[in-house]
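Each chain is listed here by its residues.
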Amino acid sequence: TGRLIGGCTETMSAIAGTPYGDVRGFAAEHGPLVVYVEASDDEAFSICRQLHGLRLAGWFDHAAAVLVGRTRAPGSEGGFGQRDAVVDALGRLDVPVVLDVEIGHVPPHLPLLNGALARVVVDDDVREITQSWP
């Protein structure tokens, strides 16, 4: 459970470390976070670098969970895929990382509302995200 914050990795990585991407400050004011990311078009090595940049900028410091959207973005040479990028950049976080969430650039484009309180349940056959505002 936490406040939702995130978006497209290619876009979010460009604002990390700026006043518009101050996730540490947002977390200090709003408590634990559920951070969500998804990739649009960049190949896996680029996404890996961008996720590392978000991690180093503190985007996951106050995360209760991380949601990763499904993607059709390509892998990189040598068989390094998008899942490999996520594991490389976020695999050592001490929080649940949920892959293949139906958000972002791949249909059905389920919306997540930045700032909403989210409860995420992934248990056996149950996979649900409940959002409430405020």
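One numbering rule holds for all chains: residues counted from 1, following each sequence as written. The predicted nature of this model means local features are confined to residues of pLDDT at least 70 and side-chain atom pairs, given and counted, to a pLDDT of 80 or more, with totals for whole chains, interfaces and linings taken over all residues. Hydrogens and water are ignored here; the side-chain numbers use all heavy atoms of the structure.

Chemist: What is the right way to look at the sheet that holds strand β1 (residues 2-8) in this model?
Modeler: Within a sheet, neighbouring strands are paired by backbone hydrogen bonds and run either parallel or antiparallel to one another. Ordered by their spatial adjacency, 6 strands build an open sheet running β4-β3-β2-β1-β5-β6, and the pairing between neighbours is mixed. Every interior strand has two partners, whereas the edge strands, β4 (97-101) and β6 (126-132), have only one. Averaged over all pairs of adjacent strands, the angle between their axes in this sheet comes to 30°, without regard to strand direction. We call two strands paired when DSSP finds no fewer than two bridges between them. Secondary structure counts use DSSP, requiring at least four H or I residues in a row for a helix and at least two E residues in a row for a strand, with both numbered from the N terminus. Two strands pair when backbone bridges link them, and β1 and strand β2 (residues 33-38) are joined in this way by 6 bridges, in the parallel orientation. For helices, the fitted line uses only the C-alpha atoms of the stretch in contact; every axis is such a line through C-alpha atoms, and the angle between N-to-C directions lies from 0 to 180 degrees.

Chemist: Any chance you could explain the layout of surface pockets here in plain terms?
Modeler: If a probe as big as a water molecule is rolled over the atoms, it shows which places are left empty. Each cavity reported here is a set of points on a 1 Å grid over the protein atoms alone in which a 1.4 Å probe fits but cannot get out, each pocket an open set with protein on both sides within 12 Å along at least five of seven lines, and each lining residue one with an atom within 4 Å of a point. Grid points are joined across faces, edges and corners, and a volume is the space filled by probe spheres set on the points. When its volume is computed, the largest pocket comes out at roughly 280 Å³. Forming the boundary of the largest pocket are 17 residues, of which Val 101, Glu 102, Arg 127, Glu 128 and Ile 129 lie nearest the centre. Counting only elements with at least two residues in the lining of the largest pocket, the list comes to β4, β5 (117-123) and β6. What lines the second largest pocket is a set of 15 residues, among which Val 68, Gly 69, Thr 71, Gln 82 and Val 86 lie closest to the centre. Taken together, the elements giving at least two residues each to the lining of the second largest pocket come down to β2, α3 (44-56), β3 (63-69), α4 (82-90) and β4. The dominant element in the lining of the second largest pocket, judged by the number of residues it contributes, is α4, at 3 residues. Looking at the lining of the second largest pocket, its residues break down into 7 nonpolar, 4 polar and 4 charged. Note that Gly is not counted as nonpolar here; it falls among the polar residues with everything else outside the nonpolar set of Ala, Val, Leu, Ile, Met, Phe, Trp, Tyr, Cys and Pro and the charged set of Asp, Glu, Lys and Arg.

Chemist: I'm lost on the nonpolar core in this one. Help?
Modeler: In this text, buried Ala, Val, Leu, Ile, Met, Phe, Trp, Tyr and Cys residues form a nonpolar core when linked through side-chain atoms within 4.5 Å. Relative accessibility thresholds used throughout: buried, under 20% of the residue-type maximum; exposed, over 50%; partly exposed, between the two (1.4 Å probe, protein chains only). Ranked by size, the top nonpolar core spans 25 residues in total, and within it Val 35, Leu 51, Leu 54, Trp 59, Phe 60, Val 66 and Leu 90 carry the most contacts. For this core, the elements supplying multiple residues, two or more each, are α2 (23-30), β2, α3, β3 and α4. In terms of residue count, α3 provides more of this core than any other element does, 5 residues in total. With sequence-adjacent residues up to four places away left out, Trp 59 is seen in contact with Gly 6, Met 12, Ala 16, Gly 21, Val 23, Val 35 and Leu 54. Counting residues in hydrophobic clusters, the runner-up holds 10 residues, among them Val 34, Tyr 36, Leu 112 and Ala 116. Two residues form a contact once any of their heavy atoms are found within 4.5 Å.

Chemist: Before we go on, may I ask you to explain the side chain of Glu 38 in this structure?
Modeler: Summarising the element assignment, Glu 38 is placed in strand β2. Comment: no salt bridge for buried Glu 38; closest opposite-charge side chain is Arg 70, at 10 Å. In protein, a polar contact requires one atom able to donate a hydrogen and another able to accept it; more generally it is a pair of N or O atoms within 3.5 Å, and residues adjacent in sequence count only if both atoms are side-chain atoms. Polar contacts involving the side chain of Glu 38 include one to the side chain of His 105, which spans 2.9 Å. When charges are counted, Lys and Arg are positive and Asp and Glu negative, with His and the chain ends excluded. Each reported salt bridge corresponds to a side-chain nitrogen of Lys or Arg within 4 Å of a carboxyl oxygen of Asp or Glu.

Chemist: What is the right way to look at the packing of α3 against α4 in this model?
Modeler: Axes are the key here: two packed helices are described by the angle between their axes and the distance separating the axes. Put simply, α3 and α4 touch, their axes get as near as 8 Å, and they point 25° apart. Relative to α4, the element α3 lies roughly parallel. Crossing handedness for the pair α3 and α4: right-handed. In this structure, α3 contributes Ala 44, Ile 47, Cys 48, Leu 51, His 52 and Arg 55 to the contact, and α4 contributes Gln 82, Ala 85, Val 86, Asp 88, Ala 89 and Leu 90. A class-by-class count of the residues in the contact of α3 with α4 yields 8 nonpolar, 2 polar and 2 charged. In what follows, roughly perpendicular refers to angles from 65 to 115 degrees, roughly parallel to angles under 35, roughly antiparallel to angles over 145, and oblique to any angle outside these ranges. Whether a crossing is left-handed or right-handed is set by the direction in which the near helix is turned from the far one by less than a right angle, anticlockwise for left-handed and clockwise for right-handed.

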